[in-house]
Amino acid sequence: MELLKRLTEAPGIPGREDKIREIVKKEMDGICDDVRSDAMGNLIGLKKGSGNGKIMVAGHMDEIGFMVKHIDDKGFLRLQPVGGFDARTLMGRRVIVHGKEDLIGNLSSATKPIHILTEEEKKKELQIKDFFIDLGLPSEKVKEIVEIGDPVTLRQEFVQIGDSYSNKAMDDRAGVLVMLEAVKKTKKHPADVYMVATVQEEVGLRGAVTSAFGLEPDLGIALDVTLAADFPGGEEPEYVTKLGQGVAIKIMDSSAISNHQLVKSLKEIARKKDIPYQMEILPRGGTDAGAIQASKAGVPVATLSIPCRYVHTVNEMIHHDDLEASINLLASFLSETNPGDFVPTNR
Ligand code: CO
Ligand code: ZN
């Protein structure tokens, strides 16, 4: 899991994916026949097949984070979110401000210490606009190193917890890992496989829009994490998925309804190969599949999801077995799929 550690620890807020892109590029260079990036910064790796159509596989490289919005005369920073962190989980966290150099900061909300809070003040809901970063430096020094717009990421380290792995940015570096490992495993495949490590997914699937437009794929598979809300506080019908119960084959979310034939085929392959899987319906949220589907005159798409607890917190947690199942299902799918099979013929 050394690669997953490196992928999740690298910074890369939407629009500033340079560091993570460098890491992914090195990995793609070892697997692909051709690797390039486009004007948006999407990284596109081609692994040639036997010439039978084009499959686009997408996993987003960007992670949720912040930009520096304001520096006050005491040197405290205010934040613009890029992607939606759960504000309730941000109190007392450490961040890295990526200025001229990387600075560690304390994240706190503009509130009094708990000792002197009134009952009324304790009930106040936390909002991102109330948070600030303390860099422990005077304003003049801060302004020498930090500029408006500089990226801010959460400081967190990769850990194994039982049979699971936890860090920030499992969304969606886990998807990027599955893409790389699955393609590595696929020796022969009918279609040309375009691995796309997309940018700016967390602000609205923007990288997938342009890369699908440029590639004109015949079929698209997005890889992303999904909710595993199977912990105290939730009801079983709202779990979406369960951690450790296998790769999730997405039926729908608010960005796309997966191509029905494609869903059936993924299920059949999973059964045939004894790969643990679960079906997923996500009431709210989307993946790159939504953008790929709406490109050209329409593209058949599906999403393979990696169940994840505590999504959009710094403790995103995925299970070893789910990761393995996701890699195996994608690898098997690529090795036997002809994209043409999924275009409706009864038009
Ligand atoms: Co996300
Ligand atoms: Zn994601």
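Our subject is the structure that appears above.
Definitions and limits used
Residues numbered from 1 in each chain as written. Chains lettered and ligands numbered in written order. Predicted model: local features only at pLDDT ≥ 70, side-chain atom pairs only at ≥ 80, totals over all residues. Heavy atoms only, no water. Donors = N, O, S within 2.8 Å, 3.2 Å for Na, K, Ca; no water. Tetrahedral: all angles 85-135°; square planar, octahedral: opposite > 155°, others 65-115°. Helix = DSSP H or I, 4+ residues; strand = E, 2+ residues; numbered from the N terminus. Axes fitted to C-alpha atoms, helices over the stretch in contact; angles between N-to-C directions. Parallel < 35°, antiparallel > 145°, perpendicular 65-115°, else oblique. Left-handed = near helix turned anticlockwise from the far one by under 90°. Contact = heavy atoms within 4.5 Å. Polar contact = N/O pair within 3.5 Å; in protein donor to acceptor, adjacent residues only side chain to side chain. Salt bridge = Lys/Arg side-chain N within 4 Å of Asp/Glu carboxyl O. Buried < 20%, exposed > 50% of the residue type's maximum accessible area, 1.4 Å probe, protein only. Arc of directions from axis to C-beta. Nonpolar A, V, L, I, M, F, W, Y, C, P; charged D, E, K, R; others polar. Expected span 1.5 Å × (residues − 1).

Donor atoms from the polypeptide that bind the cobalt ion (ligand 1) are Asp171 (OD), Glu202 (OE), Glu202 (OE) and His312 (NE2), placed at 1.8 to 2.7 Å. Its four donor atoms give the cobalt ion (ligand 1) angles of 53 to 150 degrees at the centre, a pattern that matches the irregular case. For the cobalt ion (ligand 1), all donor residues lie on one chain, and their spacing in sequence is D-x30-E-x109-H. A gap of 3.3 Å separates the cobalt ion (ligand 1) and the zinc ion (ligand 2), which Asp171 links by coordinating each metal. Here Glu202 is found in the loop between β12 (192-198) and α6 (206-215), whereas its partner His312 is found in the loop between β16 (301-308) and β17 (317-319), with 110 residues between them in sequence.

The subject of this paragraph is the packing of helix α1 (residues 2-9) against helix α2 (residues 18-29). In contact at an axis separation of 9 Å, α1 and α2 are set at 150 degrees when each is read in the N-to-C sense. On the basis of the axis angle, α1 is roughly antiparallel to α2. When the axes of α1 and α2 are compared, the crossing they make is left-handed. Residues Leu3, Arg6 and Leu7 of α1 lie in contact with α2, whose contacting residues are Ile20, Ile23, Val24 and Glu27.

With respect to the secondary-structure elements, Asp230 resides in the loop between β13 (219-227) and β14 (247-252). A polar atom in the side chain of Asp230 sits 2.9 Å from the side chain of Arg309. Setting aside residues no more than four positions away along its own chain, Asp230 makes contact with Tyr239, Thr241, Lys242, Leu243 and Arg309.

This next bit is on the pattern of salt bridges. For the structure shown, the criterion picks out 17 salt bridges. In this structure, the salt-bridge partner of Asp218 is Lys296, at a minimum N-O distance of 3.9 Å. With Asp218 in the loop between α6 and β13 and Lys296 in the loop between α8 (288-293) and β16, this residue pair connects regions lying 78 residues apart in the sequence. The class of Asp218 is partly exposed, set by a relative accessible area of 28%. Ionic pairing is found between Glu280 and Lys250, a salt bridge with its closest N-O pair at 2.8 Å. Here Glu280 is found in strand β15 (residues 277-281), whereas its partner Lys250 is found in strand β14, with 30 residues between them in sequence. Grouping residues by exposure puts Glu280 and Lys250 together as buried. Taken together, the shared-partner salt bridges in this structure form one network comprising Glu2, Arg6, Glu27, Glu181 and Lys184.

Each protein donor to the zinc ion (ligand 2) is listed here as His60 (NE2), Asp171 (OD), Asp224 (OD) and Asp224 (OD); together their distances run 1.9 to 2.6 Å. The coordination sphere of the zinc ion (ligand 2) comprises four donor atoms, whose angles at the metal cover 52 to 148 degrees; the geometry is irregular. Each donor residue of the zinc ion (ligand 2) belongs to the same chain, and together they define the spacing H-x110-D-x52-D.

Attention now goes to α1. Of the residues making up α1, those classed as buried are Leu3, Leu4, Leu7 and Thr8. Axial view of α1: buried residues confined to an arc of 125 degrees, hence all on one face. Contacts made by the buried residues of α1 are with α2, β11 (164-166), α5 (170-185), β17 and α9 (320-336).

Moving on, we get to the environment of Asp218. The spatial distance from the C-alpha of Asp218 to the C-alpha of Ile292 is 9.9 Å, given a sequence separation of 74 residues. Leave out the neighbours within four places in its chain, and Asp218 touches Gly53, Lys54, Lys296, Val299, Pro300 and Pro339. Separated by 2.7 Å, the side chain of Asp218 and the backbone nitrogen of Lys54 make a polar contact.

Once that is clear, we can look at the packing of α5 against α9. The description of two helices packed together rests on the angle between their axes and the distance between the axes. The geometry of α5 relative to α9 is characterised by a closest axis approach of 8 Å and an angle of 45 degrees between their N-to-C directions. Classed by the angle they form, the pair α5 and α9 counts as oblique. Here the hand of the crossing between α5 and α9 comes out right-handed. Across from Ala174, Leu177, Val178, Met179, Glu181, Ala182, Val183 and Lys185 in α5, the residues of α9 making contact are Leu323, Ser326, Ile327, Asn328, Leu330, Ala331 and Leu334. A class-by-class count of the residues in the contact of α5 with α9 yields 11 nonpolar, two polar and two charged.

Below, the discussion takes up helix α7 (residues 260-272). In an α-helix, one turn spans 3.6 residues; hence positions three or four apart end up facing the same way. Between its first and last C-alpha, α7 extends 18 Å over 13 residues, near the 18 Å set by a 1.5 Å rise per residue. Every buried residue of α7 is listed here: Leu262, Val263, Ser265, Leu266, Ile269 and Ala270. When α7 is viewed along its axis, its buried side chains cluster within an angular range of 165 degrees and face the same direction. Of the residues in α7, the exposed ones pointing more than 90 degrees away from the buried face are His260, Arg271 and Lys272. Contacts made by the buried residues of α7 are with β13, β14, β15, β16 and α9. With a side-chain oxygen positioned 3.0 Å from the backbone nitrogen of Gln261, the residue opening α7 is Asn259. A positive phi of about 60 degrees marks Asp274, the residue just after α7.

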